[in-house]
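Architecture and fold: a report
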Amino acid sequence: MATKVLTLVGSLRNGSTNRQLAEATVENAPEGMEVSVYSGLENLPFYNEDKDVEGQVPAAAAALRAAVAEADALLVVSPEYNGTMPAVLKNAIDWLSRPFGASAATGLPTAVIGTAFGQYGGVWAQDEARKALGIAGAKVIEDIKIAIPNSVVRFAETHPKDDAEVAEQVSGMLSDIRRIAEAN
């Protein structure tokens, strides 16, 4: 049975380099892995505990929780906005953090990667995402780190899936996720 990895992308822009990096994970998934990119984060309302009541959970939040519950592992691909993760990604993590102690993310092996225009590849955003995901109950894989700098220049004419170095990094990362997910 294939290891199912659900990918959340913190950029809503179709042509973003982080969306392209997520596409590269789909294209370079090792045999025995099913990697999918979740769509619909733009439909999530801001987290509101008043709306997070059984029978009243917004459809977009329920769909996200269901998709994560079906996954064997979670991959988060985050750009860096003003030194941190984008609000859409933080909001998704907030929805996933509930119900406290029994969320879909609880114990789920989770890795965070990304690319950014700056010289450090978005490491601050990735660190913030790891912290929030860990608090939300995910089993954050701290050893997996891919932070690709200078994204606008590096991927100006080459899609990340066609970049040999990125393809190798992504394939290795996914193999590590599969090993951890299978042991989970």
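In this text, all values refer to a predicted model and were calculated from it rather than measured experimentally. (Residues numbered from 1 in each chain as written. Predicted model: local features only at pLDDT ≥ 70, side-chain atom pairs only at ≥ 80, totals over all residues. Heavy atoms only, no water.)

Let us look at the environment of Thr3. Here Thr3 shows up in strand 1 (residues 3–9). On the accessibility criterion, Thr3 (5% relative accessible area) is buried. Between the alpha carbons of Thr3 and Ala104 there is a distance of 17 Å; along the sequence they are 101 residues apart. Apart from residues no more than four positions distant in its own chain, Thr3 is found in contact with Gly32, Met33, Glu34, Asp72, Arg178, Ala181 and Glu182. (Helix = DSSP H or I, 4+ residues; strand = E, 2+ residues; numbered from the N terminus. Buried < 20%, exposed > 50% of the residue type's maximum accessible area, 1.4 Å probe, protein only. Contact = heavy atoms within 4.5 Å.)

Look at helix 6 (residues 164–183): 29 Å from first C-alpha to last across 20 residues, which is about the 28 Å you get at 1.5 Å a residue. Of all the residues in helix 6, the buried ones are Val166, Ala167, Val170, Met173, Leu174, Ile177, Arg178, Ile180 and Ala181. Seen along its axis, helix 6 keeps its buried residues to an arc of 170°; they face one direction. For helix 6, exposure combined with an orientation more than 90 degrees from the buried face picks out Ala164, Glu168, Arg179, Glu182 and Ala183. At the N-terminal boundary of helix 6, the capping side chain belongs to Asp163, with an oxygen 3.0 Å from the backbone nitrogen of Glu165. (Expected span 1.5 Å × (residues − 1). Arc of directions from axis to C-beta. Polar contact = N/O pair within 3.5 Å; in protein donor to acceptor, adjacent residues only side chain to side chain.)

What follows covers unusual backbone geometry. Residues Arg98 and Pro99 are joined by a peptide bond in cis, for which omega reads -5°. By secondary structure assignment, the location of Pro99 is in the loop between helix 3 (87–96) and strand 4 (109–115). Residue Asn82 is not a glycine yet carries a positive backbone phi of 55°. Tracing the backbone shows Asn82 in the loop between strand 3 (73–77) and helix 3. On the accessibility criterion, Asn82 (84% relative accessible area) is exposed. Unlike most non-glycine residues, Asn150 shows phi in positive territory, near 55°.

On to the packing of aromatic side chains. Summed over the entire model, instances satisfying the criterion amount to one aromatic pair. Arranged with centres 4.7 Å apart and planes meeting at 70°, the rings of Tyr47 and Trp95 form a pair that is edge-to-face. With Tyr47 in the loop between strand 2 (33–37) and helix 2 (59–70) and Trp95 in helix 3, the pair connects residues that are 48 residues apart, well separated along the chain. (Phe/Tyr/Trp six-rings, centres within 6.5 Å; stacked < 30°, edge-to-face > 60°.)

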